[in-house]
Amino acid sequence: GGRGGGAVASKDLEGRWAALFCSPGDFWDNRATKKNPRAPDFKHKETGEALWIESRGTPAWVASSLKELDMNKQVDINSLFTQQQQGGGGPPPPSQHRGGNQEEIPF
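The model shown is predicted, which means the values in this text are computed figures rather than measured ones. (Residues numbered from 1 in each chain as written. Predicted model: local features only at pLDDT ≥ 70, side-chain atom pairs only at ≥ 80, totals over all residues. Heavy atoms only, no water.)

Engineer: Mind laying out the pattern of salt bridges, listing which residues take part and the relevant values?
Structural biologist: Tallied over the full model, the rule gives five salt bridges. Residue D12 pairs with R16 through a salt bridge whose shortest N-O separation is 3.5 Å. A residue pair is termed a helical-turn pair when its members lie 3 or 4 positions apart in one helix, as D12 and R16 do in helix α1 (residues 6-22) at four residues. Among the charged side chains, a network of salt bridges with common partners joins D12, R16 and E49. (Salt bridge = Lys/Arg side-chain N within 4 Å of Asp/Glu carboxyl O. Helix = DSSP H or I, 4+ residues; strand = E, 2+ residues; numbered from the N terminus.)

Set out below in structure tokens:
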């Protein structure tokens, strides 16, 4: 059996996380309510597809994107991917505007 395509699976997973950030309204966000730690963090309302933040295959950019999602309730997924692919020569990514924002909750 030559079905050991781990890279393919993680690419597919990346696509599913991208779908979450593109349309967060299509997913149930269970992070605050889940009682069982093994329950999925996000679940698609129609397909039932589940996503776990702590999963082995979860892309590295998911954690920081979730923070943005929680702050803005939307993430510009295209800027995420273009930042990764530019590799220099392009305009610098916009700096996060810290300080002027009084709504941030201090942790």
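Engineer: Give a description of the nonpolar core that names residues and reports values.
Structural biologist: Counting eleven residues, the largest nonpolar core is built from L13, W17, L20, F21, F27, F42, L51, W61, V62, L66 and L69. The set of elements that each furnish at least two residues to this core consists of α1 and α2 (61-72). Beyond its immediate stretch of four places on either side in the chain, L66 contacts F21, R31, F42 and I53. (Core = buried A, V, L, I, M, F, W, Y, C linked by side-chain atoms within 4.5 Å. Buried < 20%, exposed > 50% of the residue type's maximum accessible area, 1.4 Å probe, protein only. Contact = heavy atoms within 4.5 Å.)

Engineer: How would you sum up the sheet that holds strand β1 (residues 27-29)? Please name residues and give values.
Structural biologist: As summarised here, the arrangement of the three strands in space is β1-β2-β3, forming an open sheet in which the pairing is antiparallel. Of all strands in the sheet, those bounded by a partner on one side alone are β1 and β3 (50-51). The pairing of strand β2 (residues 42-44) with β3 spans two bridges and is antiparallel. Opposite F42, over in β3, you have L51 as the bridge partner. (Pairing = 2+ DSSP bridges.)

Engineer: Could you give an account of the environment of N36, with specific residues and numbers?
Structural biologist: Residue placement: N36 occurs in the loop between β1 and β2. Accessibility expressed as a relative area gives 43% for N36, which makes it partly exposed. Among the polar contacts listed, one links the side chain of N36 to the backbone nitrogen of R38, at a separation of 2.8 Å. (Polar contact = N/O pair within 3.5 Å; in protein donor to acceptor, adjacent residues only side chain to side chain.)

Engineer: An account of α2 is requested, with residue identities and associated values reported.
Structural biologist: In an α-helix there are 3.6 residues to a turn, and that puts residues three or four apart on one side. Relative to the 16 Å expected for twelve residues at 1.5 Å per residue, α2 spans 16 Å between its end C-alpha atoms, a close match to the ideal helical length. Those residues of α2 lying buried are W61, V62, S65, L66 and L69. Seen along its axis, α2 keeps its buried residues to an arc of 130°; they face one direction. Pointing more than 90 degrees away from the buried face of α2 are the exposed residues K67 and M71. (Expected span 1.5 Å × (residues − 1). Arc of directions from axis to C-beta.)

Engineer: Provide a residue-level description of the side chain of S65, including the pertinent values.
Structural biologist: Relative to the helices and strands, S65 is located in helix α2. Side-chain polar atoms of S65 contact the backbone oxygen of W61, separated by 2.8 Å.

Engineer: A description of the packing of aromatic side chains should follow, citing residues and the corresponding values.
Structural biologist: Scanning the model with the defined rule gives three aromatic pairs in all. Here F21 and W61 contribute two aromatic rings whose centre-to-centre distance is 5.7 Å and whose plane-to-plane angle is 55°, an arrangement assigned as tilted. In this pair, F21 sits in helix α1 while W61 sits in helix α2, placing the two residues 40 residues apart along the sequence. Here F21 and W61 have matching classes, each one buried. Connected via pairs of aromatic rings, a cluster forms that spans W17, F21, F42 and W61. (Phe/Tyr/Trp six-rings, centres within 6.5 Å; stacked < 30°, edge-to-face > 60°.)

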